Amino acid sequence: MFLQTCFLTCLIAFLLSFPCYFCSHASPHYNDHLGKASGHNSPRTFINAIKTRELENWPWRKFGSKVGGRSLASLKTINVNDYGAKGDGSDATEAFKKAWEAACSSEGSVLVVPKNKNYLLKPITFQGPCKSGITVQIYGTVQASADRSAYSSDIAHWILFENVQNLVVQGGGVINGNGKTWWENSCKVNDELPCKEAPTALTFYNCKNLVVKNLKIQNAQQIHVSFENCVGVQASGLTIIAPGNSPNTDGIHVAGTQNIQISNSVIGTGDDCISIASGSQKVQVTGVTCGPGHGISIGSLGSGDTESHISDVTVSDATLSGTTNGVRIKTWQGGSGIASNIKFQNIVMHNVDNPIIIDQKYCDQAKPCKSQSSAVLVQNVLYQNIKGTSSSNEAIQLNCSDDFPCEGIILQDINIQVGGGKAAKAVCNNARVTQKGDVSPNCMEA
């Protein structure tokens, strides 16, 4: 027994010493090779780098969300209640301004809106640039003032984040636009009233590296969420709701924004679930449930004889139910520019009016629009694997310009029927269409 114990002790000592011997006697050329291959100057820095990467990948590093490589637990917490907000439905605008100023001037911070509290806000701008990245954790409810006179200095915005980089807005809370009084005074509800602008509930303007997730945004005065002139946006896990008859209450509006991903969200409003306007590039929409509303739209483009450009838009894995349009491209006569490289893929329609529509003669005004030869060119559009039911007889409407026909339109694996299993129709005017696979209804039979 004594001999066995000695043998095992010696064996363990030998095995432990072997790596040290190897490292100390390895060829200098081998050491140099390790350094060059790893991008480090020496084996010591190479080994230290491995240790650093290993520590970064340990599970305990992932317990908290990170902002700029730091966990939320390590960041400075700024609670709006500490700046005078009560959370009892009273006006908290000044408290939120002071809390933002503190967060914006800090080296890494989390601005917290506590749970089970209700904060009334008048129009407010969270202005950047800030000292570093900021996370806004909305756990409670933020509600808009119903006093329309409070918006006299800025009728277009309620909550505005401007010129902020590395911003995260999340938390599972509620942003309530309290829009009923605005809807009642809309010319689209009462045509005897003059048409006036109304605020967008939540606007991100000129922001970079932006994450907006896990929020409920409801009853906006007009548009619910707008991304304008932003770069690098991730919007996910959003629930956006308003009555189906609430005017101009788009769910998500994208304008002049590049590299934006919208995913895994539920949107039901009185206007477009998602609208993508001029200047937008590299837009990805996936996993969105839409309805009620006006569908998912590109445009409108070219209004007021303006030049518009949109490219590289993909909408996939969406479900639309009971909407007044499905996937739509809409342009005004008299405009110019190009809408190109657009894909609508893997989409399910349930009782949708106008499931597939391109309208280059769009007109959203009281007076009829005059006929004009100029138009925004629509080209290279793919409709693939779109199935379901239409509440209108014409499931496909391609109403393109006489002078600028739609080009490069592909219909692939389409199966849309009128409710009850009846055959739908396709209307394809001035459109150069290629059909692949089984396509029903069929442009060639129109």
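Read on for a plain summary of the structure. Residue indices begin from 1 for each chain and proceed along its sequence in written order. Owing to the predicted nature of the model, reporting of local features is limited to residues with pLDDT of at least 70; listing and counting of side-chain atom pairs is limited to 80 or more, with chain, interface and lining totals taken over all residues. Note that the side-chain values use all heavy atoms of the structure and ignore hydrogens as well as water.

**What to know about the overall build of the protein chain**
- Put simply, DSSP marks the helices as runs of H or I at least four residues long and the strands as runs of E at least two long, and each gets a number from the N terminus on. When helices and strands are counted, the protein chain shows five helices and 31 strands.
- Expressed as a percentage of its 446 residues, the buried residues of the protein chain come to 45%.
- It only takes one pair of heavy atoms within 4.5 Å for two residues to be counted as in contact. Across the protein chain, every contact between residues at least 6 apart in sequence was considered, and the portion connecting residues at least 24 apart equals 75%.
- Areas reported here follow the Shrake-Rupley algorithm with a probe of radius 1.4 Å; residue values treat only the protein chains shown as occluding. In the structure as shown, the protein chain presents an accessible area of about 21,700 Å², 50% of it carried by carbon and sulfur atoms. Each residue's exposure class comes from its accessible area (1.4 Å probe, protein chains only) as a fraction of the maximum for that residue type: buried when under 20%, exposed when over 50%, partly exposed otherwise.

**Considering the pattern of salt bridges**
- What counts as a salt bridge is simple: a side-chain nitrogen of Lys or Arg found within 4 Å of a carboxyl oxygen of Asp or Glu. Taken as a whole and assessed by the stated rule, the structure comprises six salt bridges.
- The salt bridge partner of K97 is E94, with a shortest N-O separation of 3.5 Å. Here K97 pairs with E94, and both are found in helix α4 (residues 93-104), just three residues apart, close to one helical turn.
- We classify K97 as partly exposed; its relative accessible area is 33%.
- Across the salt bridge formed by D272 and K330, the nearest N and O atoms sit 3.2 Å from each other. Of this pair, D272 sits in the loop between β18 (258-268) and β19 (274-276) while K330 is found in strand β23 (residues 327-332), placing the two residues 58 residues apart along the sequence.
- The class of K330 is buried, set by a relative accessible area of 5%.
- Via salt bridges that share partners, D272, R328 and K330 belong to a single interconnected network.

**Focus on the environment of L238**
- Mapped onto the elements, L238 comes out in strand β16 (residues 231-241).
- The class of L238 is buried, set by a relative accessible area of 1%.
- Along the backbone, L238 and G251 are 13 residues apart, and their C-alpha atoms lie at a distance of 9.9 Å.
- If near-sequence neighbours (up to four positions away) are discounted, L238 is found in contact with V212, K213, N214, L215, I252, N264, S265 and V266.

**Quick look at the state of the cysteines**
- Our working definition of a disulfide is a cysteine sulfur pair at a distance within 2.5 Å. What the rule picks out here adds up to six disulfides.
- Each sulfur in the disulfide pair C104 and C130 lies 2.1 Å from the other. The sign of the -105° torsion about the S-S bond sets the C104-C130 disulfide as left-handed. Of the two residues, C104 sits in helix α4 while C130 sits in the loop between β7 (124-127) and β8 (134-138), which places them 26 residues apart along the sequence.
- The disulfide that involves C273 links it to C290, with 2.1 Å between the sulfurs. Taking the torsion about the S-S bond as the criterion, the C273 to C290 disulfide, at about 85°, is right-handed. Placement of the pair is C273 in the loop between β18 and β19 and C290 in strand β20 (residues 281-290), with a sequence separation of 17 residues. Across this residue pair, the class does not change: C273 and C290 are buried.
- Counting its disulfide-bonded cysteines in sequence order, the protein chain shows a connectivity of 1-2, 3-4, 5-6, 7-8, 9-10, 11-12.
- The structure places no disulfide on C207, whose sulfur is separated from the nearest cysteine sulfur, that of C230, by 4.7 Å.
- A relative accessible area of 1% means that C230 is categorised as buried.

**Overview of the packing of aromatic side chains**
- Centre distance within 6.5 Å is the pairing criterion for rings of Phe, Tyr and Trp, where only the six-membered ring of Trp is used; planes under 30 degrees apart are then read as stacked, over 60 as edge-to-face, and the remainder as tilted. According to the stated counting rule, one finds nine aromatic pairs in the structure shown.
- A centroid spacing of 5.4 Å and a plane angle of 15° characterise the contact between F204 and F227, whose relative ring orientation is stacked. Linking F204 in strand β13 (residues 200-205) with F227 in strand β15 (residues 225-228), this pair joins segments that are 23 residues apart in sequence. With respect to burial, F204 and F227 carry one shared label: buried.
- Through pairs of rings, three or more aromatic residues link up here, namely W100, F126, F161, F204 and F227.
- Any Lys NZ or Arg CZ that is within 6 Å of a ring centre and within 35 degrees of that ring's normal is treated as a charge sitting over the ring. The positively charged end of R148 is found above the aromatic ring belonging to W182, 5.1 Å away from the centroid.

**Description of the side chain of S226**
- You can see S226 is positioned in strand β15.
- A polar contact is formed between the side chain of S226 and the side chain of E228, at a distance of 2.7 Å.
- Leaving out residues up to four positions away in the same chain, S226 has contacts with T200, L202, T203, F204 and H253. The definition of a polar contact used here is a pair of N or O atoms within 3.5 Å, where within protein one atom must be able to donate a hydrogen and the other to accept one, and adjacent residues in sequence count solely through side-chain atom pairs.

**Structural notes on the sheet that holds strand β21 (residues 296-301)**
- Strand pairing follows a simple DSSP-based rule, namely that at least 2 bridges must link the two strands. Here we have eleven strands laid out as an open sheet, ordered β7-β10-β13-β15-β17-β19-β21-β23-β25-β27-β30, and parallel in their pairing. Two strands bound the open sheet, and with one partner strand each, they are β7 and β30 (425-429). Going across the sheet, the axis of each strand differs from the next one's by a mean of 15°, ignoring polarity.
- Bridge count for β15 against strand β17 (residues 252-255) is four bridges, and the pairing is parallel. Of the residues in β17, the one forming a bridge with F227 is V254.
- Angles run from 0 to 180 degrees between N-to-C directions of axes, and those axes are lines fitted to C-alpha atoms, restricted for helices to the stretch in contact. The strands touched by α4 are β7 and β10 (157-162); relative to β7, the strand with the most contacts, the crossing angle is about 5°.

**Looking at the environment of V189**
- Tracing the backbone through its elements, the reader meets V189 in the loop between α5 (180-184) and β13.
- Overall, the relative accessible area of 49% leaves V189 in the partly exposed class.
- In sequence terms V189 and S246 are 57 residues apart; their C-alpha atoms lie 8.4 Å from each other.

**Overview of the side chain of K330**
- At 3.2 Å, the side chain of K330 forms a polar contact with the side chain of D272.
- Look past the residues within four positions of K330 in its chain and what remains in contact with it is D272, S297, I298, G299, S300, L301, D359 and Y362.

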